[in-house]
Amino acid sequence: MLKLYHHYMSICAAKVRIALAEKGLEWEGQLLDLSAGDQFKPDYLSLNPKAVVPTLVHDDHILTESNIIIEYLDDAFPDPVLRSGSAHERAQMRLLLMRLDNGSEGIHHDMSVVTYGSAYRLHLLERVTGHNKKDIDKEIDRSMNAYSKKWLQETVHEGVEAQSYKKAILGIKKLLDDFETMLGKTRWLSGSEYSLADLAYTSYMARLEMLGFEGMWLQQPNVSNWYKRLKQKPSFQQGIVDWLNPESVKVLQEGGREVWPKVEKLIKQ
Ligand SMILES: N[C@@H](CCC(=O)N[C@@H](CS)C(=O)NCC(=O)O)C(=O)O
């Protein structure tokens, strides 16, 4: 029995849904309303003390951290294997997973900053009448988990002008440049077979696309072709598209469209 605690738009929850789809597993879901604070309810905190999604419960086992969850699923349900290849390819795959989830240096962090700085900050600002700094900080303090509070203030106040935004978008640009080189040598990120590395970055690429930032890889034929192949997989539909919340997608598209000219300048500098 597999039960996933998740959220429509969460990039890490989508990562786990893609893994479940790749494995063809049946699962039960419980959606959390993150704006209503479901993640802070005691029952959920007992499963995931960091107050984030996803959490997977498999029989008696509680699993947190999306990278760990997808590795767990690959161990527990090895058909099809998503870590095939040589020892070196598997090491390459783990390095890419680590690059994604590496605290404030990781791509997950960069993507959160870019998402909030481009679009979701507008969601948050909507909840604060008058938009004065003190009330905005209070709203961040009330609604966000301890980790997000550390970086969110600057991003919400300054958006695309924040230093943290610049660092984040350049981090993502560097990642795409590195992918372009890697994918010039191998068909998939860590070798000749689709692996957890490709799976893990799929929802991050989809987030960039929802923001309308495809210009970041338009000149990169290998990345463009790789992403096209990821989108053709049924797991893209089942893990991402089937769960999209149209209102949030609209916020991402509108916010992204507005900031893109500045983003384009930042990445060309
Ligand atoms: N390292 C964690 C990160 C989890 C995370 O940051 N989840 C986000 C969604 S992608 C979340 O739940 N945020 C809570 C919030 O927005 O209040 C993982 O990979 O599972």
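Check the entry above for the structure.
Residues numbered from 1 in each chain as written. Predicted model: local features only at pLDDT ≥ 70, side-chain atom pairs only at ≥ 80, totals over all residues. Heavy atoms only, no water.

Time to look at the packing of helix 3 (residues 66-76) against helix 4 (residues 87-100). One way to put it is that helix 3 packs onto helix 4 with a least axis distance of 10 Å and a crossing angle of 150°. Here helix 3 lies roughly antiparallel to helix 4, going by the angle between them. Contacts between helix 3 and helix 4 involve N67, I70 and E71 from the former and R94, L97 and L100 from the latter. Considered class by class, the residues forming the contact of helix 3 with helix 4 number 3 nonpolar, 1 polar and 2 charged. (Axes fitted to C-alpha atoms, helices over the stretch in contact; angles between N-to-C directions. Helix = DSSP H or I, 4+ residues; strand = E, 2+ residues; numbered from the N terminus. Parallel < 35°, antiparallel > 145°, perpendicular 65-115°, else oblique. Contact = heavy atoms within 4.5 Å. Nonpolar A, V, L, I, M, F, W, Y, C, P; charged D, E, K, R; others polar.)

Here the focus is helix 10 (residues 221-232). If you check helix 10, its first and last C-alpha atoms are 17 Å apart, about what 12 residues at 1.5 Å a residue would give, namely 16 Å. Buried within helix 10 we find V223, W226, Y227, R229 and L230. For helix 10, the angular spread of the buried residues around the axis is 155°, confining them to a single face. Residues of helix 10 that are exposed and angled more than 90 degrees away from the buried face: P221, K228 and Q232. Those residues of helix 10 that are buried lie in contact with helix 8 (163-185), helix 9 (196-210) and helix 11 (234-239). (Expected span 1.5 Å × (residues − 1). Buried < 20%, exposed > 50% of the residue type's maximum accessible area, 1.4 Å probe, protein only. Arc of directions from axis to C-beta.)

This part is about the packing of helix 9 against helix 10. Contact pair helix 9 / helix 10: the axes reach a minimum separation of 10 Å and the direction vectors enclose 100°. Between helix 9 and helix 10, the crossing angle belongs to the class labelled roughly perpendicular. Only V223, W226, Y227, L230 and K231 of helix 10 make contact with helix 9, whose side of the interface consists of D198, Y201, T202, M205, A206 and E209. Split by residue class, the contact of helix 9 with helix 10 holds 7 nonpolar, 1 polar and 3 charged.

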